[in-house]
Each structure stands twice: as C-alpha cells, then as structure tokens.
Amino acid sequence: GYRVIFSSCWYLDDLKKTWDVYYKCRPLDILGPNATDTQRQLVMGGHGSMWGERVDASNFMSRVWPRASAVAERLWKDGGAEDSVGGRITKFRCKMLERNIQAGPVGPGSCPVEPTFGEQTPQVRSWSWKQRNSVVGS
C-alpha cells in the first residue's frame, strides 16, 4: 500500500459546512472497521484545502478560519476532550481577532475584540516565524 495524506472531507471552500462538520471528520474512520493496523499506519496525516472559485484576498481569512482550526484540532488530537472543543475553537478565534486576523464567526457568543461593520479590513502582513510561533504556542 501507499502512504497517504487525507483531505477528502476537508475542502474548506464548501460554505455550507461549519467548523463542527470539519471537526467530526475522522480520517481513520474512512478506512472502515475492518482496516488493519498496517493500513491505518499508511495514513500519514491530513490537510484542509481552500480552492479559489469562491475566495480571494477580501474573504480568505474569514473563510479559512476558524474552520481550519477544527481540521488542525482533529489531526493533532483525534479524540478526547471533544465536549470542550467548541470553547477551544472560540478562544482561538478570539486570539486571532486580537491579532487582526479576520477569522469568521464560530457561532453565538462574543470575543473581547469583535470586528464591526464599516471597519476597513486590516492589510494582511507577512509574519516572521517568531510571531507565528507566538500565535501557535499561545
């Protein structure tokens, strides 16, 4: 068998899906209950994909985030603490907003910093690895 990187249920351009739909996708479940350990070990990981038909620089961040956060959470930690995933996704979205990353809404609720109508979207700026690690490590 071949090693694979899974992505089939994580096409982030499907605007009908919310973060929780992406989170519920479990790559190893696709293999079915009769999959062998050898087959399961061939799944190296996964990724979420955003295609360009319905996205450009004006809406990229709000379309990708927080849905990509759910994909990352699923890949990082498959199982456990699922009852609190909504809180973690919301908290991460709030951190992104605090850093001027225009992440889309998670659902009802609020963050200390929320975008308002009429605001101009901040310019996306290049991040250094140090800044990136401070977001990821926070």
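These notes cover the structure that comes with them. (Residues numbered from 1 in each chain as written. Predicted model: local features only at pLDDT ≥ 70, side-chain atom pairs only at ≥ 80, totals over all residues. Heavy atoms only, no water.)

Here we look at the overall build of the protein
Then step 1. Across its full length, the protein carries seven helices and two strands.
Then step 2. Reading the secondary structure of the protein in the N-to-C direction produces β-α-α-α-β-α-α-α-α.
Then step 3. Looking at the protein as a whole, 28% of its 138 residues qualify as buried. (Helix = DSSP H or I, 4+ residues; strand = E, 2+ residues; numbered from the N terminus. Buried < 20%, exposed > 50% of the residue type's maximum accessible area, 1.4 Å probe, protein only.)

Considering unusual backbone geometry
Then step 1. Omega for the bond connecting Trp65 with Pro66 falls within 30 degrees of zero, at 15 degrees, which places this linkage in the cis form.
Then step 2. For Pro66, the location among the structural elements is in the loop between α4 (60-64) and α5 (67-76).
Then step 3. The backbone phi angle of Asn100 is positive, close to 60 degrees, even though this residue is not glycine.
Then step 4. Topologically, Asn100 is positioned in the loop between α6 (85-98) and α7 (129-137).
Then step 5. By relative accessible area, which is 44% here, Asn100 ends up partly exposed.

So, the nonpolar core
Then step 1. Among the nonpolar cores identified, the biggest contains 14 residues, and Trp10, Leu12, Trp19, Tyr22 and Ala70 are the most heavily contacted of them.
Then step 2. Elements represented by at least two residues in this core include exactly α1 (19-24), α5 and α6.
Then step 3. Ignoring anything within four residues of it in the chain, the contact list for Ala70 reads Trp19, Tyr22, Tyr23 and Ile89. (Core = buried A, V, L, I, M, F, W, Y, C linked by side-chain atoms within 4.5 Å. Contact = heavy atoms within 4.5 Å.)

Quick word on the packing of α5 against α6
Then step 1. The geometry of α5 relative to α6 is characterised by a closest axis approach of 10 Å and an angle of 130 degrees between their N-to-C directions. In terms of orientation, α5 lies oblique with respect to α6. Crossing geometry of α5 relative to α6 is assigned as right-handed. Across the interface between the two elements, Ser69, Ala70 and Glu73 from α5 touch Val85, Arg88, Ile89, Phe92 and Met96 from α6.
Then step 2. Taken together, the residues of the contact of α5 with α6 break down into five nonpolar, one polar and two charged. (Axes fitted to C-alpha atoms, helices over the stretch in contact; angles between N-to-C directions. Parallel < 35°, antiparallel > 145°, perpendicular 65-115°, else oblique. Left-handed = near helix turned anticlockwise from the far one by under 90°. Nonpolar A, V, L, I, M, F, W, Y, C, P; charged D, E, K, R; others polar.)

Overview of the state of the cysteines
Then step 1. On inspection of all chains with the given rule, the structure shows two disulfides.
Then step 2. Bridging Cys9 to Cys25, the disulfide has an S-S length of 1.7 Å. Its S-S torsion of approximately -90 degrees makes the covalent link between Cys9 and Cys25 left-handed. Taken together, the residues span a long stretch of sequence, with Cys9 in the loop between β1 (4-6) and α1 and Cys25 in the loop between α1 and α2 (27-30) at a distance of 16 residues. With respect to class, Cys9 is no different from Cys25; both count as buried.
Then step 3. One disulfide bridge connects Cys94 with Cys111, the sulfur atoms lying 2.0 Å from each other. Measuring handedness by torsion sign, the sulfur bridge of Cys94 and Cys111 sits at about -80 degrees and is left-handed. (Disulfide = S-S within 2.5 Å.)

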